[in-house]
2 protein chains.
Amino acid sequence: MRDFSNDHSALALNTATLGHNLDGFGAGWSPEQVIDGCAARGYGGVVFWRREIGANAIAISERAKSAGLKVAGLCRSPFLVGPLAPKDKDAIRDDFRSSIDMAAGLTAPILTIVVGGVEPGTKGMRDSLKLVAERVADACEYAEKVGVRLALEPLHPVYGGDRSCLVTVRDAVDLCNAVNATNLGLAIDVYHVWWDTDLAAQLKRAGENLIYGFHLCDWLSETRDILLDRGMMGDGVADLRGIRHAVEEAGYNGVCEVEVFSKDNWWKRDPNEVLDVVVERFRAVC
Amino acid sequence: MRDFSNDHSALALNTATLGHNLDGFGAGWSPEQVIDGCAARGYGGVVFWRREIGANAIAISERAKSAGLKVAGLCRSPFLVGPLAPKDKDAIRDDFRSSIDMAAGLTAPILTIVVGGVEPGTKGMRDSLKLVAERVADACEYAEKVGVRLALEPLHPVYGGDRSCLVTVRDAVDLCNAVNATNLGLAIDVYHVWWDTDLAAQLKRAGENLIYGFHLCDWLSETRDILLDRGMMGDGVADLRGIRHAVEEAGYNGVCEVEVFSKDNWWKRDPNEVLDVVVERFRAVC
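Throughout what follows, the structure given in this document is the object of discussion. Computed from a prediction, not measured in an experiment: that's the story for all the values here.

The helix and strand inventory of chain A stands at 10 helices and eight strands. The C-alpha atoms of chain A give a radius of gyration of 18 Å, which matches the 19 Å a tight globule of 286 residues would have. Residues counted as buried form 53% of the 286 residues belonging to chain A.

Right under this line is the structure:
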């Protein structure tokens, strides 16, 4: 009888969980060390950030595969609108295409899109979402040619001003339907959607064809830093089992990607400990 | 011909805008000073916080009326669930009733309810919202006897963990419909709802019978403190005209209550300046 105790093939690590070593956080593990640490524990995949890859996309991809790991995705597009986007439309398009190129080089099937906040000079979400739709449609055509799928990630409404005018799964499904490209879907992150009592209905509306990714962490009841104080699964108030059930009921059968930004807790710990705890919590509470 | 230039009867000041003098913020104006400052500028009403009133509800109410101001409301109920609520169900009920008594003494027609976050030992919103419904139903009966209406205020989803398991207008309308009391409705605050592209539809669903209050401020694109860095109208990214239009289209014809928590900006200024700017911005951008 096969022993599943070390089979965590449904689990993927987003490298942000180990502290983004290029920011001075975390233990400074290289992509190769992350790959080895995940492979040793039976993780199914890993998701990298662009700045970790540099010019080594192909080598890192081969290293992951030979270790038995999928490269499950790449983070992320530039902001497409809002105060934090590149300086103009051309710069946004060029950087968007560069991120797609890198995903292709890494053989990452999915590039995550974080759309950016309210476009300067406008009010509310609607005008910004229209600009996003145009820029995503252009990128979908480009990505199609290199076999990359694009996953729109609605962020928590707290980021609505500067980081994402896309803040609900409902709006993200509407945006996918408006763009109507075969390589455009959604990434569902519990940190961003846990509060939404309409979530299950919207996931059902999205269906298996639109759900490209599922991200795990937890929302701490008393969140001290809105960007970098995410909780490990089980330490917060999100209904993780309920959300995972809703995502899978809607037809998703891909990996569960753990992504914990935590500068004052998990990023201060030994990555070996963090990787072990992720596995334990994934088994126990998700 | 009547000169409307000094008629701001649609405008009410929430005293929080001047810095909650009991917290060491703001210039320390007494309720009487606030009343005089608002009356001198032609405001239509004022909304107090419980801690400013103490045992002087009746005297303050009479002072406001003789100055030509409505006491438009009182902030607020205790948290009814979650980690910040009073210690047990009885303590919650008693403090809820005390807040209703004070509203009655003040002849404030409306008491604002902030429901509290996720109840310890539970996950997600649903269990907490059920507890809220029970506790609000009890309070509605009590408030009915003293002629006070209760306004559920859905807060921004960023407060979902600790301060409010009620984070959308949609859920608030559902809660009103579930409790089904004639003195239960909603307070709509642009800070909490500006991001919601479903807002106009939900306000229409609420209708004039359920919308008890409308609060103005703005969401700053780069918000530095999630509790105390609200923007003055016009300084942020919320579509204030669009939201006000939607609220009034739904049938609301009460005052617009300005409530700006701003410890590093507006709370540091002379209250006379703040009261003047509120009037200017209300006229110019709302």
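What follows covers the sheet that holds strand β3 (residues 70–75) of chain A. In a beta sheet, neighbouring strands pair by backbone hydrogen bonds and run either parallel or antiparallel. All names here are of chain A. In spatial order, the strands read β1-β2-β3-β4-β5-β6-β7-β8; together these eight strands close into a barrel with parallel pairing. Averaged over all adjacent pairs, the angle separating strand axes in this sheet is 30 degrees, with direction ignored. Looking at chain direction, strand β4 (residues 110–113) and strand β5 (residues 149–152) are connected through four bridges and run parallel. Its bridge partner being in β5, Ile113 is matched across the sheet by Leu152. The strands that helix α6 (residues 169–179) touches are β5 and β6 (184–189); relative to β6, the one it contacts most, it runs at about 170 degrees.

The operation relating chain A to chain B is a screw motion whose rotation component is 180 degrees, with 0.0 Å of axial translation and a residual RMSD of 0.0 Å. Such a combination of turn and shift is consistent with a two-fold rotation axis. Within chain A, the C-alpha atom positioned nearest to the axis of rotation is that of Val158 of chain A, 2.9 Å from it.

Let's shift gears to the nonpolar core. Across soluble globular proteins, nonpolar side chains have a tendency to be buried as a group. Counting residues in each nonpolar core, the largest one holds 192 residues, and the members touching the most others are Val46 and Leu186 of chain A together with Val46 and Leu186 of chain B. Apart from residues lying up to four places away in sequence, Val46 of chain B is in contact with Ala12, Leu13, Thr15, Val34, Ile35, Cys38, Ala64, Leu69, Val71 and Ala72 of chain B.

A few words on the interface of chain A and chain B. Tallying the contact residues gives 28 residues for chain A and 29 residues for chain B. Partitioning the side of chain A that touches chain B into residue classes produces 12 nonpolar, nine polar and seven charged.

With that out of the way, let us pick up the sheet that holds strand β7 (residues 211–216) of chain B. Residue and element names in this part refer to chain B. Pairing within the closed barrel is parallel, and its eight strands lie in the order β1-β2-β3-β4-β5-β6-β7-β8. Across the sheet, the axes of successive neighbouring strands diverge by a mean angle of 30 degrees, strand direction being ignored. As paired strands, strand β3 (residues 70–75) and strand β4 (residues 110–113) are joined by two bridges and run parallel to one another. Residue pairing across strands places Cys75 opposite Thr112, the latter belonging to β4. Sitting on the sheet, helix α1 (residues 31–40) touches β1 (8–14) and β2 (43–49), and the angle it makes with β2 is about 160 degrees. Contacts from helix α6 (residues 169–179) reach β5 (149–152) and β6 (184–189), with the element oriented near 170 degrees to β6.

Attention shifts here to the pairing of strand β7 (residues 211–216) of chain A. Residue and element names in this part refer to chain A. Counting buried positions along β7 yields six of six residues, so the element is predominantly enclosed. As paired strands, β6 and β7 are joined by four bridges and run parallel to one another. Residue pairing for β7: Leu186 is matched across the bridge by Ile211. Of the strand pairs in this sheet, β7 and strand β8 (residues 256–258) are connected by three bridges, and their pairing is parallel. Residue pairing across strands places Phe214 opposite Cys256, the latter belonging to β8. Between the parallel elements β7 and β8, the chain passes through helix α9 (residues 240–249) in a crossover that is right-handed.

Residues and elements named next belong to chain A. Among the residues of helix α1 (residues 31–40), Pro31, Val34, Ile35, Gly37 and Cys38 are the ones counted as buried. Down the axis of α1, the buried side of the element spans an arc of 165 degrees, and every buried residue falls inside it. Of the surrounding elements, those touching the buried residues of α1 are β1 (8–14), β2 (43–49), α2 (50–53), α3 (57–66) and α10 (271–285). Backbone geometry just downstream of α1 places Gly42 in the positive-phi region, at approximately 80 degrees.

Residues and elements named next belong to chain A. Helix α4 (residues 89–106) packs onto α3 with a crossing angle of 40 degrees between their chain directions and a minimal axis gap of 7 Å. On the basis of their axis angle, the class for α3 and α4 is oblique. By crossing handedness, the relation of α3 to α4 is classed as right-handed. In this structure, α3 uses Ala57, Ile58, Ile60 and Ser61 to contact α4, whose residues at the interface are Met102, Gly105 and Leu106. For the contact of α3 with α4, the residue count by class is five nonpolar, two polar and no charged.

Turning our attention to the environment of Ala151 of chain A. All names here are of chain A. Its place among the elements puts Ala151 in strand β5. On the basis of neighbour count, Ala151 is assigned to the buried category, with 25 C-beta atoms found within 10 Å. Residues in contact with Ala151, not counting those within four places in the same chain, are Ile110, Leu111, Thr112, Ile113, Gly185, Leu186, Ala187, Tyr212 and Gly213.

What follows deals with the packing of α4 of chain A against helix α5 (residues 126–145) of chain A. Each pair of packed helices can be described by the angle between their axes along with the distance between the axes. Residues and elements named next belong to chain A. Packing of α4 against α5 leaves a shortest axis separation of 10 Å and a crossing angle of 35 degrees. Between α4 and α5 lies a crossing of right-handed hand. Mapping the contact onto sequence places Ile92, Arg93, Phe96, Arg97 and Ile100 in α4 and Arg135, Asp138, Ala139, Tyr142 and Ala143 in α5. By residue class, the composition of the contact of α4 with α5 is six nonpolar, no polar and four charged.

In this section: the pairing of β4 of chain B. In β4 of chain B, alternate side chains face the same way, and those of Ile110 and Thr112 of chain B on one face and Leu111 and Ile113 of chain B on the other are all buried. The parallel pair β4 of chain B and β5 of chain B is bridged by helix α5 (residues 126–145) of chain B, and the resulting crossover is right-handed.

This part is about α5 of chain B. Residue and element names in this part refer to chain B. Spanning 20 residues, α5 covers 30 Å between terminal C-alpha atoms, matching the ideal 28 Å at 1.5 Å per step. Ser128, Leu129, Leu131, Val132, Arg135, Val136, Ala139 and Ala143 are the residues of α5 that are buried. Each buried residue of α5 sits inside an arc of 150 degrees when the element is viewed along its axis, so together they form one side. Within α5, the exposed residues directed more than 90 degrees away from the buried face are Glu141 and Lys145. On its buried side, α5 packs onto α4 (89–105), β4, β5, α6 and β6.

The rules we used
Residues numbered from 1 in each chain as written. Chains lettered and ligands numbered in written order. Predicted model: local features only at pLDDT ≥ 70, side-chain atom pairs only at ≥ 80, totals over all residues. Helix = DSSP H or I, 4+ residues; strand = E, 2+ residues; numbered from the N terminus. Rg over C-alpha atoms; globule rule 2.2 N^0.38 Å. Buried ≥ 20, exposed ≤ 12 C-beta atoms within 10 Å, placed from the backbone. Pairing = 2+ DSSP bridges. Axes fitted to C-alpha atoms, helices over the stretch in contact; angles between N-to-C directions. Contact = placed C-beta atoms within 7 Å. Least-squares fit on C-alpha atoms with pLDDT ≥ 70 in both. Core = buried A, V, L, I, M, F, W, Y, C linked by C-beta atoms within 7 Å. Nonpolar A, V, L, I, M, F, W, Y, C, P; charged D, E, K, R; others polar. Right-handed = clockwise from strand over helix to strand, strands pointing away. Arc of directions from axis to C-beta. Parallel < 35°, antiparallel > 145°, perpendicular 65-115°, else oblique. Left-handed = near helix turned anticlockwise from the far one by under 90°. Expected span 1.5 Å × (residues − 1).

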